[in-house]
Amino acid sequence: MSAEAAASFAASVRWSALPLRVRDRAESALKDTLGCLLAGTRSEAFAAARRAMALDLGGSRGSSAAMRAFALAIAASAFDHDDGHYEGGGIHPGSTVLPALLAASRGDESREDLLAALVVGYEIAIRAGYLLMPQLSGGSYRCTGAASVLGAAAAVARYRGGSADTIARAIRIAAAHGPFASLQLPMVKEAIGQAASSAVTAALLAEAGFGGEGVPFLGIAPSPFDTPPFDTPQAADTFASRLGESWHILNIYAKLWPCCRAIHGALASVEAILAQQGWSGDQVERIEVEVMPGLAALDFLPPASADHAQFSFPFAIGCLLAKGVVLPEHFLPDGRSDAAILAAGRKVTLVESSDLSPLAPNRSYPAAVTIHVAGTARRLRVDDAPGSLRAPFPLDRKYRANAALSGACDTAALPGQSPAALVAALTPFLVSPDRSMS
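Remember, it's a predicted structure, so these values are computed and weren't measured experimentally.

### Overview of the environment of Pro228
Logical step 1: Assignment of secondary structure puts Pro228 in the loop between helix 10 (192–207) and helix 11 (264–277).
Logical step 2: By relative accessible area, which is 31% here, Pro228 ends up partly exposed.
Logical step 3: In this structure the C-alpha to C-alpha distance between Pro228 and Leu131, which are 97 residues apart in sequence, comes to 9.4 Å.

### A look at helix 5 (residues 94–104)
Logical step 1: Of all the eleven residues making up helix 5, eleven are buried; the element is thus mostly covered by neighbouring parts of the structure.
Logical step 2: The complete set of buried residues in helix 5 reads Gly94, Ser95, Thr96, Val97, Leu98, Pro99, Ala100, Leu101, Leu102, Ala103 and Ala104.
Logical step 3: Of the surrounding secondary structure, the elements contacted by the buried residues of helix 5 are helix 2 (20–40), helix 4 (65–77), helix 6 (111–131), helix 8 (144–159), helix 10 and helix 17 (419–431).

### Topic: the pairing of strand 4 (residues 376–382)
Logical step 1: Relative to strand 4, strand 3 (residues 367–373) runs antiparallel, the two sharing seven bridges. Bridging across to strand 4, Ala367 finds its partner in Val382.
Logical step 2: Counting the residues in the hairpin turn of strand 3 and strand 4 gives two residues, including Ala374, whose phi is positive at 50 degrees.

### Re the packing of aromatic side chains
Logical step 1: With the rule as written, the count across this model stands at five aromatic pairs.
Logical step 2: An angle of 50 degrees between the planes, with centres 6.0 Å apart, marks the rings of Phe9 and Trp247 as tilted. Note that Phe9 is positioned in helix 1 (residues 3–12) and Trp247 in the loop between helix 10 and helix 11, a separation of 238 residues in sequence. Per residue, the accessibility class of Phe9 equals that of Trp247, and both read buried.
Logical step 3: Members of the aromatic cluster, connected to one another through ring pairs, are Tyr86, Tyr253 and Tyr365.
Logical step 4: Lying over the aromatic face of Tyr253, Arg261 brings its terminal NZ or CZ to 4.5 Å of the ring centre.

### Quick look at the state of the cysteines
Logical step 1: For the structure shown, the criterion picks out zero disulfides.
Logical step 2: Unpaired in this structure, Cys36 has its nearest cysteine sulfur neighbour in Cys259, at a distance of 12 Å.
Logical step 3: Not part of a disulfide, Cys319 finds its nearest cysteine sulfur in Cys259, a span of 8.5 Å.
Logical step 4: On the accessibility criterion, Cys319 (0% relative accessible area) is buried.

### What to know about the sheet that holds strand 4
Logical step 1: Read across the open sheet, the four strands follow the order 2-1-3-4; overall the sheet is mixed. Bordering the open sheet on either side are strand 2 (348–352) and strand 4, each of which pairs with just one other strand. The mean angle between the axes of side-by-side strands here comes to 20 degrees, regardless of whether they run parallel or antiparallel.
Logical step 2: Seen against the sheet, helix 11 touches strand 1 (286–291), strand 3 and strand 4 and runs at an angle of roughly 135 degrees to strand 4.

Cut-offs applied
Residues numbered from 1 in each chain as written. Predicted model: local features only at pLDDT ≥ 70, side-chain atom pairs only at ≥ 80, totals over all residues. Heavy atoms only, no water. Helix = DSSP H or I, 4+ residues; strand = E, 2+ residues; numbered from the N terminus. Buried < 20%, exposed > 50% of the residue type's maximum accessible area, 1.4 Å probe, protein only. Contact = heavy atoms within 4.5 Å. Pairing = 2+ DSSP bridges. Phe/Tyr/Trp six-rings, centres within 6.5 Å; stacked < 30°, edge-to-face > 60°. Lys NZ or Arg CZ within 6 Å of the ring centre and 35° of its normal. Disulfide = S-S within 2.5 Å. Axes fitted to C-alpha atoms, helices over the stretch in contact; angles between N-to-C directions.

These values are about where atoms sit, not about what they do.
Structure below.
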């Protein structure tokens, strides 16, 4: 599948012609990502991004579409609550694609236009993530931004009415201009903000004729430079091809808890054992968590930032033991210094286990937990954490909680509104004073 084939698919997508289950999944993805974005407006990362907007073109009201996309994507991914796809390189497509679309909206698009473009973005981003995995690319692991920028660029170009040629150029510009996306903490994480920004820029450049309309993009061969993912031989394989036949958006997972997906199996194990035994968090004396090789390093305590907390097994489990829940507000400054959470987290020990299989297609990160209470030990292994294909959970409650954290009014019906209404509802977050919570 070349960039041109991806662009042809993108230009041909019509909302009414999509399979019903694809449309249903796109509706859910929009609602989930919008909720994550609303909650993320209370994060320290979004506050920093909003301050940067004030430096862009003389003020946030006049800031560029690219900078708005950056800020909205930072909000959508701030609490690590955003959706993901295992086979697609483990990327988080929604938190790049939806913010880019909203930032680039002209205001006259229909809701169906937005949803169709969202599907385009997911399908292309997930395939790019798959092709960038080290097993196929032979390179180092690239995080979300390196792949999602391609899907988001295609989505924005299609959303704004671009031809197949314009969409193809947007994809290729994004491949050249997008982030390298190495994981870094804090705030930078998987370069999701920069991916959304680069995607909008690529689409607008293509719309303006950058790259030459009708002129083929050519690499220099032989070349020491990376080959764009859609130009590799692997792009012809079954997973990466079959656009319009195989819908990868159907296989995304949602996150019940606002932390790294690798921690969710352990949280599900802890929650289940406590419920089965009727134990409270205060009764727990110690917890051993068996994790996949390489994950024992995720033991930040006390966490130095919200992002370190999101990547910390002890901190997330400490929230569950001390508070009975794991919520985005626990990852803000007051939560990160909460004595009860930190004391509970110190009961957690991580042990790498070769018995836990590496990540398999459409499977959660497996984890096994042993909890010790008054001389009794109970062990449970969970392979499918909530939000996986085999363990779905209702998204409505998550959306309501995230929307409520934003402090915005009348958010219940927001996911069903037009793009113009969505942009209008989000604009105050971009222009208001610092809203981060302590």
